Amino acid sequence: MGLEEYKGVYIYAQQVDNRLSDIAFELVGKAKELAADLNTEVTAVLLGSNVKALATELGEYGADKVIVVDNPALETYRTEPYAQALVSVINEYKPEIMLVGATAIGRDLGPTVSARVKTGLTADCTKLEIGDFPINAMPGQEQKHNQLLMTRPAFGGNTIATIACPDNRPQMATVRPGVMQKLPKEAGRAAEVIEFNPALEENNRYVEIMDIVKAVGNVENIMDAKVLVSGGRGVGSAENFEMLRDLASCFKGGMVSCSRAAVENGWLAQDYQVGQTGKTVRPQIYFAIGISGAIQHVAGMEESDLIIAINKDEDAPIFDVADYGLVGDLKKIVPQLTAALKEANADA
């Protein structure tokens, strides 16, 4: 079968407990951009049990078509039935591009599916675009057009790699949550719904779920914050993070976050980490306090609307991405800034 038979940009629309995850809408938004460059459509693949109603929401966020695989075996995520279902969709409809969220589910499902359909998978992507491969034409080597160029951090985040899959289809990637932006909801916009019912064969790779225990946590989700006050190694101690909490309290929707160094020192939990091995955030304001600006951290916050850096080292790389920079002792600057904001809030 020729590669030209594969058409369309497909995304796996993750749902848990019959509720769509945010990553599904983020992938639809990016898929619309890619599809526009390829002059094709966006199709969301929805797997689960009694999930057809969710197709309406996917249409309102930009999906042109929704393929629904509704089967009792898909009520709760398990690798084998979900992999069989998605492989069946790919074999039947032949997408040119297949995007999966780099969530706990997606990082399990994506590699399993790519192996079974005999294609490559670029994991944990932070950028996707349509272009030529090789990017720069080389003598004696064919340059293929309209390829999916998948960019991700490599070698521990010390470099950025752009990867293509020119000889196999679909071109598959998992995408970090929070990196892509969902489109505005368009109420009443409808997608074409296609019901597809492949046979799911129970085999020795099936697992039986004996019980589901849902833990109730009180950890704030830093990806929802409008303002993040983030601290790094330069903050010095867990006690000094109280200064950052005080600053964050000056903003409605303000939260504290941190770099990997702060987590490794035990100052904050990993849930609050921003960066390649943490979370990707996009707040309106991002304070980088005592953070040097290593590429691993910058990859997780560079899309913030406004970046303010405070560091005693005027040559710190963080100043290269900051909109505003303050050079000096954070133990003096942060309390002064907090006091000024509290005074301004009191006068407002």
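Here the structure is shown first, and the text comes after it.
Residues numbered from 1 in each chain as written. Predicted model: local features only at pLDDT ≥ 70, side-chain atom pairs only at ≥ 80, totals over all residues. Heavy atoms only, no water.

Novice: Please explain the environment of A161 as it appears in this structure.
Specialist: By the secondary structure assignment, A161 is in strand 10 (residues 159-163). Residue A161 is classed as partly exposed on the basis of its relative accessible area of 22%. In this structure A161 touches M150, T151, R152 and A154, once residues within four positions along its chain are discounted. (Helix = DSSP H or I, 4+ residues; strand = E, 2+ residues; numbered from the N terminus. Buried < 20%, exposed > 50% of the residue type's maximum accessible area, 1.4 Å probe, protein only. Contact = heavy atoms within 4.5 Å.)

Novice: Sorry, what's going on with a nonpolar patch on the surface here?
Specialist: On the surface, V207, I209 and I212 cluster together into a nonpolar patch covering about 260 Å² of accessible area. Position of I212 relative to the elements: it lies in the loop between strand 12 (192-195) and strand 13 (227-231). (Patch = residues over 30% accessible without salt bridge, like charges linked within 9 Å, V, L, I, M, F, W, Y side chains within 5 Å. Areas by Shrake-Rupley, 256 points an atom, 1.4 Å probe, with all protein chains shown as cover. Salt bridge = Lys/Arg side-chain N within 4 Å of Asp/Glu carboxyl O.)

Novice: Before we go on, may I ask you to explain the nonpolar core in this structure?
Specialist: A general trend in soluble globular proteins is that nonpolar side chains are found buried together. In this structure, F241, L244, Y286, F287, I289 and M301 are the most contacted members of the largest nonpolar core, which totals 40 residues. Contributing elements (two or more residues each) for this core: strand 13, helix 5 (241-248), strand 14 (254-258), helix 6 (260-264), strand 15 (285-289), strand 16 (306-311), helix 8 (318-321) and helix 9 (330-347). Those residues within four positions of Y286 in sequence are excluded, and the remaining contacts are L228, S230, S257, V274, V281, I291, H297, M301, S304, L306, I307 and I308. Counting residues in hydrophobic clusters, the runner-up holds 37 residues, among them L27, A44, L148 and M150. (Core = buried A, V, L, I, M, F, W, Y, C linked by side-chain atoms within 4.5 Å.)

Novice: Would you mind going over the pattern of salt bridges with me for this structure?
Specialist: Pairing of side chains with opposite charge becomes possible as their charged atoms draw close. Taken as a whole and judged by the stated rule, the model has 16 salt bridges. Between E33 and K30 there is a salt bridge, with its nearest N and O atoms 2.9 Å apart. On the criterion of helical spacing, the pair formed by E33 and K30 is a turn pair, its members being three residues apart in helix 1 (residues 22-38). E33 gets classed as partly exposed once you look at its relative accessible area, which sits at 46%. K30 sits in the buried class, given a relative accessible area of 11%. In this structure, E195 and K52 form a salt bridge, with 2.7 Å as the shortest nitrogen-oxygen distance. Of this pair, E195 sits in strand 12 while K52 sits in the loop between strand 4 (42-48) and helix 2 (55-60), and the two are 143 residues apart along the sequence. With a relative accessible area of 42%, K52 lands in the partly exposed category. Here the salt bridges do not stand alone but share partners, grouping K32, D64 and R189 into one network.

Novice: Is there a simple way to think about unusual backbone geometry in this case?
Specialist: What is expected of a backbone is that most residues other than glycine have negative phi and most peptide bonds are trans. Along the chain, F133 connects to P134 via a cis peptide bond; the corresponding omega equals -5°. Look at the link from R169 to P170: it is a cis peptide, with omega at 0°. With respect to the helices and strands, P170 occurs in the loop between strand 10 and strand 11 (171-175). Phi is positive for D17, which is not a glycine, with a value near 55°. Along the chain, D17 turns up in the loop between strand 2 (15-16) and strand 3 (19-20). Classification of D17 as exposed rests on a relative accessible area of 53%.

Bear in mind that shape data such as this cannot, by itself, settle questions of function.
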